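# Geometric and topological summary
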Amino acid sequence: MDINSDEIARLVYLLLILLSISGWFLVSLKQNLGKTVQMALIWGLIFLGFFGVYGVWEDISNGFKKDEQYDKITENIFQIRKSSDGHFYTSARINDNPIKFLIDTGATKTILSLTDASAAGINISKLVFDRPMRTANGIAYSARYQVENFNWLEKDFDQVSVQITDGELFRSLLGMDIIEKSETFLISGNLLQLSFK
């Protein structure tokens, strides 16, 4: 397994946090250390802990915001940052309901999980799951559904056809059918950039 420099840095920061917490416990348990030495060690360990948290703060905060994060460069150019787990996430509104997606350039169609379809106000009891689709776990079945309004990156797309899975998919996928509505689509390093006409 290849480990890059960012992963090594994250590991070091996490080890500093662990060292800080375990060290604080050890120092606080020592009754025979001089008060001054004990306080100096405690403050040193607190400093190490803060340093460690600072180092992983971007990962922590991005984890909370990863489904919402994009930058608007101009009126029609948007950038989405790669999450710390190596994927690009985005939010879209289906029938005015916010749905979180993993951007999947390998997916031809946009696919909604059953949970997200329900959250988007779709009556899942009327769906017919008769369309086989190949997934990493084998064959699953989906239902075709016409979304009246699909809003993504401040752009409205009417009459978008999506697939809704029968429960096998745990995360909704934004596929190439939506991505190709952009004029340009470019992945460079940790950034995904899209532009619209």
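Heads up: these notes are all about the structure in this document. These figures come from a predicted structure and were not determined experimentally. (Residues numbered from 1 in each chain as written. Predicted model: local features only at pLDDT ≥ 70, side-chain atom pairs only at ≥ 80, totals over all residues. Heavy atoms only, no water.)

## Structural notes on the nonpolar core
Put simply, the test is: Take the buried residues of types Ala, Val, Leu, Ile, Met, Phe, Trp, Tyr and Cys, join any two whose side-chain atoms come within 4.5 Å, and each joined set is a nonpolar core. Each residue is assigned to one of three classes by its accessible area relative to the maximum for its type, calculated with a 1.4 Å probe on protein chains only: buried under 20%, partly exposed between the two thresholds, exposed over 50%. Strands here mean DSSP runs of E at least two residues long; helices mean DSSP runs of H or I at least four residues long; both are numbered from the N terminus. The criterion used for residue contact is that any of the two residues' heavy atoms lie within 4.5 Å.
Counting 29 residues, the largest nonpolar core has Leu112, Phe150 and Trp152 as its most contacted members. Every element with two or more residues in this core is listed here: strand S2 (77-81), strand S3 (89-94), strand S4 (97-103), strand S7 (138-152), strand S8 (155-165), helix H4 (176-179) and strand S11 (191-195). With residues near it in sequence (within four places) discarded, Trp152 still touches Ile80, Thr90, Ser91, Ala92, Phe157, Leu174, Ile178, Ile179, Leu194 and Phe196. Counting 6 residues, the second largest nonpolar core, distinct from the first, contains Tyr89, Leu102, Ile111 and Leu173.

## Some details on the pairing of S4
Definition in use: Following DSSP output, two strands are said to pair if at least two bridges run between them.
Taken together, the 6 bridges between S3 and S4 define a ladder with antiparallel strand orientation. Bridge pairing in S4 places Arg93 opposite Pro98. Taking the residues between adjacent antiparallel strands as the criterion, S3 and S4 are bridged by 2 residues, where Asn95 takes a positive phi near 50°. Pairing geometry for S4 and strand S9 (residues 172-174), over 3 bridges, is parallel.

## Comments concerning the pairing of S2
Examined bridge by bridge, strand S1 (residues 71-72) and S2 share 2 bridges and lie antiparallel to one another. Across the sheet, the residue bridging to Lys72 is Phe78, located in S2. Taking the residues that link successive antiparallel strands as the turn, the S1-S2 hairpin has 4 residues. Looking at chain direction, S2 and S11 are connected through 5 bridges and run antiparallel. Directly across from Gln79, in S11, lies its bridge partner Gln193.

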